[in-house]
Amino acid sequence: MLLRVIEMSGLAIIMFSGQAENFIPLAVLTQTAVNMNIPVRIFVTGTALPYFTKNKPEPRFSKEFEDMVPALMGGMKKLQMPSWYEILKEAKELGDVKIYACSLMAEVMGLKKEHLDEIVDDIVGAAFFMKESENMKVIFI
Amino acid sequence: MSEKHLVDARGMSCPGPITKLVKTYRTAKNGDIIEVLATDPGFIPDVKAWIEKTGNELLELKEEAGVIRAVIKITAKK
């Protein structure tokens, strides 16, 4: 263990939204938790799941966010900010991060393990995730 | 022998500077000094929080001409 063990026992993120703007907080919070030596467990479900497959749909911003998109994209480009995917992947390489696909959504969408992106660790049910994230702080995105 | 490491995170946005610091921290040892240069406006409170969480020592933290400079002494590695 390189870093001192800290009080917070972990961060559980339920990634439900597939709207493009919501992937940024997912990535930033995950990488920050890793930097603070906090384990992260991510449960990908709802409309977010297609973005965790090998065949990702085009990013779609929510209606109320559309006006901000040009400024946001310009600012991110100027800052040479990595994509949410790159930030999340780097976080996984650096720390204790597990990404799980919801088995119900996977079934509904006809997705098998081989269809999912390599950053996804496994397909699991809600009971497994609740057990994994016991005593963790939960964030719903 | 203690070493000095320079982390140049100028131009990087949150959480980039802390991530870059952590990557260097992992290769460093107790007694080493890490100097971080950053321009992200959140870096001052962020590096303070990181120091508090990890228990390392902050020797210097100041902003000059838009560049934040943090000097950290590594003391908390196990």
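Residue positions within a chain follow its written sequence, with the count starting from 1. Note on labels: chains are lettered from A, ligands numbered from 1, in written order. With the structure being a predicted model, the display of local features is reserved for residues of pLDDT at least 70 and the display and counting of side-chain atom pairs for 80 or more, all residues being used for whole-chain, interface and lining totals.

Caption draft 1: Local environment of the overall build of chain A. In terms of helices and strands, chain A carries five helices and five strands. Listing every helix and strand of chain A by position from the N terminus yields β-α-β-α-α-β-α-β-α-β. By the compact-globule yardstick of 14 Å for 141 residues, chain A fits well, its C-alpha radius of gyration being 15 Å. Dimensions of chain A, computed from the C-alpha atoms along their principal axes, are close to 40 × 40 × 25 Å. Secondary structure counts use DSSP, requiring at least four H or I residues in a row for a helix and at least two E residues in a row for a strand, with both numbered from the N terminus. The quantity called the radius of gyration is restricted to C-alpha atoms. Its globule counterpart is 2.2 Å times the number of residues to the power 0.38.

Caption draft 2: Representation of the sheet that holds strand β4 (residues 122-124) of chain A in the model. Residue and element names in this part refer to chain A. Strand pairing requires that DSSP identify at least two bridges connecting the strands. A sheet is described by the order of its strands in space; here five strands give the open sequence β4-β3-β2-β1-β5, paired in parallel fashion. Looking at strand neighbours, the two that pair on one side only are β4 and β5 (137-140), the edges of this open sheet. Pairs of neighbouring strands in the sheet enclose a mean axial angle of 25°, with direction left out of account. Of the pairings in the sheet, the one linking strand β2 (residues 40-44) to strand β3 (residues 97-102) comprises five bridges and is parallel in character. For Ile42, the partnering residue across the bridge sits in β3 and is Ile99. The contact rule is simple: place each C-beta atom from the backbone, and if two of them lie within 7 Å, those residues are in contact. Working convention: axes come from line fits to C-alpha atoms, limited for helices to the stretch in contact. Angles between N-to-C directions cover 0 to 180 degrees. On top of the sheet, helix α1 (residues 23-35) reaches β1 (11-15), β2, β3 and β5; it is set at about 165° to β1, its chief contact.

Caption draft 3: Structural context of the interface of chain B and chain A. Each partner contributes residues to the interface: chain B has 15 residues there, and chain A has 15 residues. The set of elements that each furnish at least two residues to the side of chain B that touches chain A consists of α1 (16-27) and α2 (43-54) of chain B. Top contributing element to the side of chain B that touches chain A by residue count: α1 of chain B, with four residues. The classification used treats Ala, Val, Leu, Ile, Met, Phe, Trp, Tyr, Cys and Pro as nonpolar, Asp, Glu, Lys and Arg as charged, and all other residues, Gly among them, as polar. A per-class count over the side of chain B that touches chain A returns six nonpolar, five polar and four charged.

Caption draft 4: How the structure looks around the nonpolar core. All names here are of chain A. Counting residues in hydrophobic clusters, the biggest one holds 53 residues, and the most contacted among them are Ile13, Val44 and Ala101. Examining the composition of this core, we find that six residues originate from one element, α1, more than from any other. With sequence-adjacent residues up to four places away left out, Ala101 is seen in contact with Val44, Leu49, Phe52, Ala106, Leu116, Val120 and Ile123. By definition, a nonpolar core groups buried Ala, Val, Leu, Ile, Met, Phe, Trp, Tyr and Cys residues that connect through C-beta atoms lying within 7 Å of each other. The burial label depends on the number of other C-beta atoms within 10 Å of a residue's C-beta. Counts of 20 or more mean buried, 12 or fewer mean exposed, and intermediate counts mean partly exposed, with C-beta atoms placed from the backbone.

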